[in-house]
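Architecture at a glance
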Protein chains: 2
Amino acid sequence: MNNALTHPAIITRLTTVKSPKPSNAPTLEDVARHAGLSPMTVSRALNNPQVVRPKTVEKVMQAVRATGYIPNALAGGLASRRSKLIAVVVPQINNNMFVDTIQALSDELALRGYHILLSVTGYSEQTEADLVATLLSRRPDGVVLTGIHHSAEMKKIIFNAAIPVVEIWDLTPTPLDMLVGFSHEKVGQATAEYLLQEGYRRPGLLWTPDRRADQRKHGLSETFKRQGISQLPQIDVPLPASLALGREGLTRLLADGEFDVIVCSSDTLAQGAIMEAQSRGLTVPQDIAVIGFGDLDFAASNRPAITTVSVDRRAIGQRAAMLLADRIEHIPHEDAIIDIGFHLVKRQSA
Amino acid sequence: MNNALTHPAIITRLTTVKSPKPSNAPTLEDVARHAGLSPMTVSRALNNPQVVRPKTVEKVMQAVRATGYIPNALAGGLASRRSKLIAVVVPQINNNMFVDTIQALSDELALRGYHILLSVTGYSEQTEADLVATLLSRRPDGVVLTGIHHSAEMKKIIFNAAIPVVEIWDLTPTPLDMLVGFSHEKVGQATAEYLLQEGYRRPGLLWTPDRRADQRKHGLSETFKRQGISQLPQIDVPLPASLALGREGLTRLLADGEFDVIVCSSDTLAQGAIMEAQSRGLTVPQDIAVIGFGDLDFAASNRPAITTVSVDRRAIGQRAAMLLADRIEHIPHEDAIIDIGFHLVKRQSA
DNA sequence: TTGTACGCGTTATCAT
DNA sequence: ATGATAACGCGTACAA
């Protein structure tokens, strides 16, 4: 699609389109004429009413209603160098984990007059670089990136653009700029500690290949190793996780050995593993325990209820939105790095 | 929030922001200077390379790389009156039904150089009108709306904007403009016919309050009524549907009477109903059958697998994208109304 | 095939 | 408190 010759940000038109309509949409000038004012006063009345006489504002509002005026944000953004657009890049959206964060981000930003440009990478760093380059052509006021691993190319592009960035869903002392997330390493540790404390000694992993899941696994296996339990058997399933993959994964794990607990990289897989166990006549957690990650909405009401790690997904979006908007609007902020934390929710499955 | 005085499209700045940076981002002129060409030739080389001498194009590309040029779509859109932006309005995104459609829409449009502006209404028509007005300030080249019921105010706004519109997820002979969807009425009929044919005579409804679900219910109850079965008992649960609400809903239904099949307005509720039935020692479908809607990813691998109605959610997005992009680019198209259809998937739960 | 002049609709800045 | 003027960065239309 992208012209092979070009910069990733440049998309060559495939068809030559001509003839822009004369556009009869009313402009600021139409409103100004209608109100007997200058365009500049109308602009102020709309964007900065406190510096305009109330009576004038009222005149403007009437003219706006009369003309059906809708501001042109392209022109406004061009002139003011502020687009009121935030570019958001996530690996997936058919993954319930990110959707809540996006929704919260969008809600919070909408309150402050921002719109979101959403793009999906499919977990590829190269795709991310291309997407970001393309998105930057919209001149967003800020960028939200998922995770802390990015291609060098993308970092360069972002750096050159000199644009506020929030990385979400992960933690590092050295973010590109701002960050809202939590430690996946610690999630893994906490999970292992809980399982050890509950007496589990033969864990099996049902895992998906993404970097944050890998970090959780690292924390998990290091903690188990310290108790003399190493070489955790593991089955990998592709993204996106699904109930079906959970069932299939457990089947494959059980063919490999014996376990007292199955640690899943997501609640979705956990639900599938539980279902598969039950269909084999195994009782969860007595015969085999299962623990998930994410505390998705079904986790609490599953049968048995799924023990998992809860993360405030909406808070990630909210805090990220506030960090960005505040930075853009030059509102000072203490922490540019926010650890949103997590907590283990003990239910029935493990 | 929106200033009470204003048009919904107008969002008053809460803080006065000043000092636009001088912006050292390279412009077309910088690239032109670097390449020893006029800005216009550079513009053509990027947007319409076929009308530029290949050697010139190459010179331009080198200059683009050298300068790190990223086009300014705000300026481009303002000048060309084409923003390459599509506004998309959906009721929910934490609802798996719409996410696949959005993803497909986004993928298809990205291929053609468009970006998506996503907004969520939360099933409110007033919210939709406000959102659309705000979105139109971005001067999108097209709009995607979910459903066919809109406030008169919004229709007026859309009409005045004279912008291509695709309505999705529903069917009507009289769309605002273009349409990609299917008949919810017929889904209801097909569901009832299937259940009657399978011998079910005492259906109970587990339902959510949205207009498309209502249409399905209408088709369903009319068909049952023709067989002498009227007054279908019904329990309503709020949106968004969840496993928990499915369980709770079945509990309440069972307190109300006896049923041989529970018809759910979504697979999510169906999964919950099945789980609740099982936890009460009922066998599905022998003691009580359950049928869903949507064919979400877990439906096929649930235990028992959920009988449901499948809709090609990605196709809705793809076709909508093609309709819109073709219209925008003046590529002729036969049908402006596409019935994407559906099919009943017989599995185990009913 | 390439270049020139101008306008797209708005806001920053300075003046009144 | 309001207005005049000059950008903002690019594409259209026409000229060369």
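The shown structure was predicted, so the numbers you read here are calculated from the model rather than taken from an experiment. (Residues numbered from 1 in each chain as written. Chains lettered and ligands numbered in written order. Predicted model: local features only at pLDDT ≥ 70, side-chain atom pairs only at ≥ 80, totals over all residues. Heavy atoms only, no water.)

Before going further, it helps to examine the overall build of chain A. For chain A, the helix and strand inventory stands at 12 helices and 12 strands. Relative to its length of 350 residues, chain A is extended, with a C-alpha radius of gyration of 26 Å against a globular reference of 20 Å. Along the longest, intermediate and shortest principal axes, the C-alpha atoms of chain A span 80 × 50 × 40 Å. Considering chain A as a whole, with its 350 residues, one finds that 57% of them fall into the buried category. Within chain A, counting contacts between residues at least 6 apart in sequence, those at least 24 apart form 69% of the total. For chain A, the accessible surface area stands at approximately 14400 Å², while carbon and sulfur atoms represent 51% of it. Of the side-chain charges in chain A, 36 are positive and 36 negative, and the distance between the mean point of each set is 9 Å. (Helix = DSSP H or I, 4+ residues; strand = E, 2+ residues; numbered from the N terminus. Rg over C-alpha atoms; globule rule 2.2 N^0.38 Å. Buried < 20%, exposed > 50% of the residue type's maximum accessible area, 1.4 Å probe, protein only. Contact = heavy atoms within 4.5 Å. Areas by Shrake-Rupley, 256 points an atom, 1.4 Å probe, with all protein chains shown as cover. Lys, Arg positive; Asp, Glu negative; His and termini not counted. Charge placed at Lys NZ, Arg CZ, Asp CG, Glu CD.)

Quick look at the sheet that holds strand β7 (residues 234-236) of chain A now. All names here are of chain A. Spatially, the four strands line up as an open sheet ordered β7-β6-β8-β9, and their pairing is parallel. At either margin of the open sheet sits one strand with a lone partner, and together these are β7 and β9 (289-291). Put simply, the sheet's adjacent strands are angled 20° from each other on average, direction ignored. Looking at chain direction, strand β6 (residues 203-207) and strand β8 (residues 261-264) are connected through four bridges and run parallel. (Pairing = 2+ DSSP bridges. Axes fitted to C-alpha atoms, helices over the stretch in contact; angles between N-to-C directions.)

Another point: helix α5 (residues 96-111) of chain A. Spacing of three or four residues puts side chains on the same side of an α-helix, whose turn is 3.6 residues. Residue and element names in this part refer to chain A. With 16 residues, α5 should cover 22 Å at 1.5 Å per step; its first-to-last C-alpha distance of 23 Å lies within 8% of that length. Among the 16 residues in α5, 12 count as buried, and that is most of the element. Buried residues of α5: M97, F98, V99, D100, T101, I102, Q103, A104, L105, S106, E108 and L109, and no others. Downstream of α5 by a residue or two, G113 has a phi angle that is positive, lying close to 85°. (Expected span 1.5 Å × (residues − 1).)

In this section: the protein's contact with DNA strand C. In the vicinity of DNA strand C lie 25 residues, with L28(A), S43(A), Y69(A), T41(B) and T56(B) positioned nearest. For DNA strand C, the backbone makes up 64% of the atoms found within 4 Å of the protein, where backbone means sugar plus phosphate. Between DNA strand C and L28(A), the relevant distance is 2.4 Å, taken from a phosphate oxygen to a main-chain nitrogen or oxygen of the residue. In the model, a phosphate oxygen of DNA strand C is placed 2.3 Å from a nitrogen or oxygen of the Y69(A) side chain. Taken together, the elements giving at least two residues each to the surface near DNA strand C come down to α2 (39-47) and α4 (73-80) of chain A together with α2 (39-47) and α4 (73-80) of chain B. For the surface near DNA strand C, a count of residues per class yields 10 nonpolar, 10 polar and five charged. (Near = heavy atom within 4 Å. Polar contact = N/O pair within 3.5 Å; in protein donor to acceptor, adjacent residues only side chain to side chain. Nonpolar A, V, L, I, M, F, W, Y, C, P; charged D, E, K, R; others polar.)

Between V284(A) and the following residue, P285(A), the backbone shows a cis peptide bond with an omega angle of 10°. In this fold, P285(A) is placed in the loop between α11 (267-279) and β9. Of note, the phi angle at D295(A) is positive, near 50°, even though the residue is not glycine. Of note, D295(A) is situated in the loop between β9 and β10 (308-310). A positive phi is found at K84(B), a non-glycine position, where the angle reads about 60°. Locating K84(B) in the fold gives a position in the loop between α4 and β1 (85-90).

Next up on the list: the nonpolar core. Core analysis: the largest hydrophobic core is formed by 110 residues, its most contacted members being L206(A), I262(A), L206(B) and I262(B). Those residues in contact with L206(A) that sit more than four places away from it in its chain are I235(A), V237(A), G246(A), G249(A), L250(A), L253(A), I262(A), V263(A), C264(A), S265(A), L269(A) and A273(A). With 34 residues, the next largest nonpolar core counts A129(A), I157(A), I70(B) and M154(B) among its residues. (Core = buried A, V, L, I, M, F, W, Y, C linked by side-chain atoms within 4.5 Å.)

Time to look at the packing of aromatic side chains. Inspection of every chain in the model, using the stated rule, returns six aromatic pairs over all chains. Seen from their ring centres, W169(B) and F182(B) are 5.7 Å apart, and the 70° between their planes marks the pair as edge-to-face. Of this pair, W169(B) sits in the loop between β4 (165-168) and β5 (178-181) while F182(B) is found in the loop between β5 and α8 (184-197), placing the two residues 13 residues apart along the sequence. By relative accessible area, which is 3% here, W169(B) ends up buried. Aromatic ring contacts, followed pair by pair, group F98(A), W169(A), F182(A) and F293(A) into a single cluster. Seen from the ring of Y114(A), K84(A) lies directly overhead, with NZ or CZ sitting 4.3 Å from the centre. R216(A) extends its terminal NZ or CZ atom over the ring of F293(A), reaching a point 3.8 Å from the ring centre. (Phe/Tyr/Trp six-rings, centres within 6.5 Å; stacked < 30°, edge-to-face > 60°. Lys NZ or Arg CZ within 6 Å of the ring centre and 35° of its normal.)

Taken residue by residue, chain A gives an average pLDDT of 92. The fraction at 70 or more is 93%. Considering only residues more than four positions removed or in separate chains, one finds that residues 1-8 of chain A, a stretch of pLDDT under 50, has 18 contacts. (pLDDT = per-residue confidence, 0-100.)

With the rule as written, the count across this model stands at 33 salt bridges over all chains. Across the salt bridge formed by R33(B) and D30(B), the nearest N and O atoms sit 2.8 Å from each other. Placement of the pair is R33(B) and D30(B) together in helix α1 (residues 28-35), with a separation of three residues, close to one helical turn. Residue R33(B) is classed as exposed on the basis of its relative accessible area of 56%. Classification of D30(B) as partly exposed rests on a relative accessible area of 26%. E329(B) serves as the salt-bridge partner of K84(B), at 3.9 Å between the closest nitrogen and oxygen. Of this pair, K84(B) sits in the loop between α4 and β1 while E329(B) sits in the loop between α12 (313-328) and β11 (337-339); the two residues are 245 residues apart in sequence, bridging distant segments of the chain. A single salt-bridge network, built from bridges that share partners, covers K84(A), R112(A), D326(A) and E329(A). (Salt bridge = Lys/Arg side-chain N within 4 Å of Asp/Glu carboxyl O.)

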